[in-house]
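Architecture at a glance
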Amino acid sequence: MADKVLSERFTGKVIRQVAQNARRITVLCFIVAVLSSAWALTRTPRWSAWTAVIVPGSTTSSISASMGALGLGDAMGGLAGLGAGMLPQPAGIDITLATQILGSRRVQERIILKYDLINRHKAISMERAIKKFGERFSVSLTPEGVIFITVEGSSRTEATAMANDVIRFANEELSTLVTSRSRRSRIHTEYATALAYDSLNASRDAMEEFRTRTGLILPEQQASSMMDVLSTIEGEMVSAGAVLSGLSGNLSARSAIYAQASAQYRYLEDALRVRSTVGDSLSLFPVMDSMPGYLREYEALAANIETRTAVYLLLRQELESLRIEESRESPTIEIIVPPTPEFLRAYPKRSVMVLTHVFIAFILCIVWLFFLTWFRSVLDSPESGSFVRSVLTDFRNQFHRKKNGSEKK
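Being a predicted model, the structure only gives us computed values, none of them experimental.

**Points about the side chain of Glu-152**
- Considering the arrangement of structural elements, one finds Glu-152 in strand 3 (residues 147-153).
- Within the structure, Glu-152 has its side chain in polar contact with the side chain of Arg-46 (distance 2.8 Å).
- Discounting residues that sit within four places of it in the chain, Glu-152 has contacts with Arg-46, Trp-47, Ser-48, Arg-136, Ala-159, Met-162 and Ala-346.

**Re the pairing of strand 2 (residues 137-141)**
- Taken together, the 5 bridges between strand 2 and strand 3 define a ladder with antiparallel strand orientation. When the sheet's bridge partners are listed, Ser-140 is paired in strand 3 with Phe-148.
- Where strand 2 folds back on strand 3, the antiparallel hairpin that results is connected by 5 residues, among which Gly-145 adopts a positive phi of roughly 95 degrees.

**Some details on a nonpolar patch on the surface**
- A cluster of nonpolar side chains, Phe-359, Ile-360, Phe-362, Ile-363, Leu-364 and Val-367, forms an exposed patch at the surface whose accessible area comes to about 560 Å².
- Mapping Ile-360 onto the fold places it in helix 15 (residues 350-380).

**Some remarks on the packing of helix 3 (residues 22-41) against helix 15**
- Contact geometry for helix 3 and helix 15: axes closest at 9 Å, N-to-C directions at 145 degrees. The element helix 3 and its partner helix 15 pack so that their crossing is right-handed. Contact residues: helix 3 offers Ile-25, Leu-28, Cys-29, Val-32, Ala-33, Ser-36, Ser-37, Trp-39, Ala-40 and Leu-41, while helix 15 offers Arg-350, Met-353, Val-354, His-357, Val-358, Ala-361, Phe-362, Cys-365 and Leu-369.
- For the contact of helix 3 with helix 15, the class distribution of residues is 15 nonpolar, 3 polar and 1 charged.

**Re the side chain of Ser-203**
- Relative to the elements of secondary structure, Ser-203 occurs in helix 11 (residues 181-214).
- Separated by 2.7 Å, the side chains of Ser-203 and Arg-308 make a polar contact.
- If sequence neighbours within four positions are ignored, Ser-203 has contacts with Asn-304, Ile-305 and Arg-308.

**A closer look at the pattern of salt bridges**
- As enumerated under the stated definition, the model contains 13 salt bridges in all.
- Arg-105 is the partner of Glu-109 in a salt bridge, and the nearest nitrogen-oxygen pair spans 2.7 Å. Of this pair, Glu-109 and Arg-105 both sit in helix 7 (residues 105-114), 4 residues apart, roughly one helical turn.
- For Arg-110, the salt bridge is made with Glu-173, and the minimal N-O distance between the two is 3.4 Å. With Arg-110 in helix 7 and Glu-173 in helix 10 (residues 156-176), the pair connects residues that are 63 residues apart, well separated along the chain.

**Considering the layout of surface pockets**
- Space inside the largest pocket adds up to approximately 330 Å³.
- Taken together, 16 residues line the largest pocket, and the ones lying closest to its centre are Thr-44, Arg-46, Arg-120, His-121 and Arg-136.
- When contributions to the lining of the largest pocket are tallied by element, the ones reaching two or more residues are helix 8 (117-120), helix 9 (126-134), strand 3 and helix 10.
- Taken as a whole, the second largest pocket holds about 170 Å³ of empty space.
- If you trace the second largest pocket, you find it lined by Gln-17, Asn-21, Arg-24, Ile-25, Leu-28, Cys-365, Trp-368, Leu-369, Leu-372 and Arg-376.
- The biggest single contributor to the lining of the second largest pocket is helix 15, with 5 residues.
- For the lining of the second largest pocket, the per-class residue count stands at 6 nonpolar, 2 polar and 2 charged.

Rules of the game
Residues numbered from 1 in each chain as written. Predicted model: local features only at pLDDT ≥ 70, side-chain atom pairs only at ≥ 80, totals over all residues. Heavy atoms only, no water. Helix = DSSP H or I, 4+ residues; strand = E, 2+ residues; numbered from the N terminus. Polar contact = N/O pair within 3.5 Å; in protein donor to acceptor, adjacent residues only side chain to side chain. Contact = heavy atoms within 4.5 Å. Pairing = 2+ DSSP bridges. Patch = residues over 30% accessible without salt bridge, like charges linked within 9 Å, V, L, I, M, F, W, Y side chains within 5 Å. Areas by Shrake-Rupley, 256 points an atom, 1.4 Å probe, with all protein chains shown as cover. Salt bridge = Lys/Arg side-chain N within 4 Å of Asp/Glu carboxyl O. Axes fitted to C-alpha atoms, helices over the stretch in contact; angles between N-to-C directions. Left-handed = near helix turned anticlockwise from the far one by under 90°. Nonpolar A, V, L, I, M, F, W, Y, C, P; charged D, E, K, R; others polar. 1 Å grid on protein atoms, 1.4 Å probe; cavity = no way out; pocket = protein on both sides within 12 Å on 5 of 7 lines; lining within 4 Å. Points joined across faces, edges and corners; volume = space filled by probe spheres on them.

In structure tokens form, the structure reads like this:
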């Protein structure tokens, strides 16, 4: 009696239909399995590689990691403020920034351009290429502060190279971001150092122009040498004057010896006058009248060079200190597990694909038999069967009428 009642129920009818069509269902599932296997063979295989990285100094403790994983970072911040640092804080801005940079559009664009993924994915724009690459690339942050990067490529070697390039590009992007006071100070100091260097070069150019124009390389030493020369000329002129005075008492002005002594004295007198006032082309030193002005100009240029040199050296020293400080404070991504390719390919997984498609085909067959059983029960029902048949007849007649009308025309 129980079997008879079950067979008359809707569930029993569905089970009977499944049993009666088991062969068809099996054949359909077999065809789906064959087609799915053939389709999987036409797919381009992909392999994945993963790596684990950290940001030194930004790892979290167990309590803060748990709170961060549960989305209670703000609550931890409030508790830390109340407890004056008794509870550990979640990871700081460095690890969050590093995670965002790893998955940023800028890094993805550089990977796409380097490996020509626009043509390989047959994308019509960078947006489509980024969307497709995003399906093969993922960055995840664990509560412990470890960042896992997974990339899929056409080969194991390419997947590994992509993972390395993602880390390298992210570090390059982090090095250009202004995220700390030391980095801002370093940028401003570099600008000030460049200005100081240009100013120092301008002072050196002015000194070079002065030396070319005046011929003074070491003005103080050259002035001392000039004084020695003038003293020598003056001493020889005094000696020549004494000889000339002595000869004037014994020899006449027409005497050859007297004329020689007189010419020597006039030459020394002219040489002393020329070197003291206007100078001549044979002189190696500037004239004595211009020497004080040259010395004053040289001292001003030398003082300017010394001042600007001191400023430049001070800025250089400060710049090196800021670079060291920046390297300590700037976030960097360090690899703790090198990029490792998976042994099995990531796509297509043929066994999983075939089983999935066969299961879907089986479920669709059951749903179709379920619908047919329900529809037949509706047709067999004395209440709704006649109405459904009449509706179907009217529907078919509409198409028949259109067909007959078109034939007559």
